[in-house]
Amino acid sequence: MLARLPGWGLLRRRPHPGAAGRHLRPTGLHLRREAAAGRAGRRPLADPDLARRLRAEAATLYERFNRDYWIEDRGGFYAVGLDGDKNPIDSKTSNMGHLLWSGIVPPERAGTVVRQLMGEDMFSGWGIRTLSWDDRLYNALGYHLGTVWPHDNSIAVLGMARYGYRAEANRISLALLEVAEQFGHRLPEAISGFPRERLLFAVPYPTACSPQAWASGTPLALVRAMLGADPVDGRLVLDPDIPPEIGRIAAERVRAFGHCWEVEAVGRTGHVRLAEC
């Protein structure tokens, strides 16, 4: 028997004795929220006692997660979850990109995670697949089993940029922008996971929603990653790495901290200035 994530279809790559029928604990965005809670508690107006508790809980989560979810097999990667007996589910999935975004990955493991996501079993040429083609239930047209989700990839792009893997982030961003061109500049919910080298176009996922809210936010995340835009101490700062294929990015009336800003970047040079709203 195979362990199954409720509502997904993500299955264990290799059966584990006693795993059948157990509830699973998936990894995901809750890790970001818990870790961020500890950092948010540093604000001057925060409750000091609550801040200390949240930081302690975040530190414990960081330690336990990296102990329990890391798998050394297949070059090293993070399990997609734990079953009811705390055994790791060893499917290799795009969720690892979310972990980079959350900041829970130790710097010494970040390169390994990025290499896994950009390997040919995960990266189709159009984006990162939800499931590696090395996993036995891989299906290029399976919703959670091998398709490419633009919003999922945008989270991975932000995570790669966070750890300094800008070239890899830009490679995914450019691929997704090419996909957008093929779909009338409206990214769909998902596309197939078929390798780009075999086809001249991105094969649609048959029942993908378009427009779709997650997908519509993807270009904004990609632009933010290229700009390296972050709010810091009441101002907007840039650390750009704009690929030559894009050339220049400029934006007006970007709202942050109750002000409007003008943003412009070319290559690795950029500037931000206050502007009238």
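Keep in mind that this is a model prediction, so the values were computed, not measured.

## Some details on the side chain of Ser-124
Within the fold, Ser-124 resides in the loop between helix H4 (107–118) and helix H5 (150–162). Among the residues examined, Ser-124 registers a relative accessible area of 5% and is labelled buried. Contact partners of Ser-124, with chain neighbours within four places excluded, come to Arg-129, Val-148, Gly-193, Phe-194, Pro-195 and Arg-196.

## With respect to the state of the cysteines
For the coordinates displayed, the defined rule picks out one disulfide. The disulfide bridge from Cys-260 ends at Cys-277, spanning 2.1 Å between sulfur atoms. Judged by the sign of its S-S torsion, about 115°, the bond between Cys-260 and Cys-277 is right-handed. Placement of the pair is Cys-260 in strand E9 (residues 259–266) and Cys-277 in the segment after strand E10 (269–275), with a sequence separation of 17 residues. The class of Cys-260 is buried, set by a relative accessible area of 0%. With relative accessibility at 56%, the residue Cys-277 sits in the exposed group.

## As for the confidence of the model for the chain
On average, residues of the chain carry a pLDDT of 87, and 83% of them reach 70 or more. Contacts from residues 1–9, a stretch scored under 50 in pLDDT, to residues over four places away or in other chains number 26 contacts.

## Thoughts on the sheet that holds E10
Ordered in space as E8-E9-E10, the three strands form an open sheet in which the pairing is antiparallel. Looking along the sheet, the strands with just one partner apiece sit at the ends: strand E8 (248–256) and E10. Pairwise comparison of adjacent strand axes, ignoring direction, gives a mean angle of 15° for this sheet. In the sheet, E8 pairs with E9 via seven bridges, with the strands oriented antiparallel. Of the residues in E9, the one forming a bridge with Val-254 is Trp-261.

## Things to note about H4
Three- or four-residue spacings in an α-helix give side chains the same orientation, since the helix completes a turn every 3.6 residues. Taking 1.5 Å per residue as the helical rise, H4 with its twelve residues ought to reach 16 Å, and the 17 Å between its terminal C-alpha atoms agrees with that figure. If you check which residues of H4 are buried, you get Ala-110, Gly-111, Thr-112, Val-113, Val-114, Gln-116, Leu-117 and Met-118. Against the buried residues of H4 lie strand E2 (70–71), strand E3 (77–78), helix H3 (95–102), H5 and helix H6 (166–182).

## A look at the packing of H3 against H4
Pairs of packed helices are described in terms of their axes, by the angle between the two and the distance that separates them. Packing of H3 against H4 brings their axes to within 10 Å, and their N-to-C directions diverge by 145°. In the crossing of H3 with H4, the sense of the turn from one axis to the other is left-handed. Within the contact between the two elements, H3 uses Met-96, Gly-97 and Leu-100 and H4 uses Ala-110, Val-113, Val-114, Gln-116 and Leu-117.

## A look at the packing of aromatic side chains
A full pass over the atoms with the stated rule returns six aromatic pairs. Note on Phe-65 and Tyr-78: the rings are 5.3 Å apart at their centroids and 20° apart in plane angle, and the pair reads as stacked. With a gap of 13 residues between them, Phe-65 in helix H2 (residues 48–68) and Tyr-78 in strand E3 connect regions that are remote in the sequence. Among the residues examined, Phe-65 registers a relative accessible area of 3% and is labelled buried. You can call Tyr-78 buried: its relative accessible area is 1%. Ring geometry for Tyr-143 against Trp-149: centres 4.8 Å apart, planes inclined by 40°, an arrangement best described as tilted. For Tyr-143, a relative accessible area of 26% puts it in the partly exposed group. An aromatic cluster of three or more residues is present, and its members are Phe-65, Tyr-69, Trp-70 and Tyr-78. The residue whose ring lies beneath Arg-196 is Trp-126, and the NZ or CZ to ring-centre distance is 3.9 Å.

What counts and what doesn't
- Residues numbered from 1 in each chain as written.
- Predicted model: local features only at pLDDT ≥ 70, side-chain atom pairs only at ≥ 80, totals over all residues.
- Heavy atoms only, no water.
- Helix = DSSP H or I, 4+ residues; strand = E, 2+ residues; numbered from the N terminus.
- Buried < 20%, exposed > 50% of the residue type's maximum accessible area, 1.4 Å probe, protein only.
- Contact = heavy atoms within 4.5 Å.
- Disulfide = S-S within 2.5 Å.
- pLDDT = per-residue confidence, 0-100.
- Pairing = 2+ DSSP bridges.
- Axes fitted to C-alpha atoms, helices over the stretch in contact; angles between N-to-C directions.
- Expected span 1.5 Å × (residues − 1).
- Left-handed = near helix turned anticlockwise from the far one by under 90°.
- Phe/Tyr/Trp six-rings, centres within 6.5 Å; stacked < 30°, edge-to-face > 60°.
- Lys NZ or Arg CZ within 6 Å of the ring centre and 35° of its normal.

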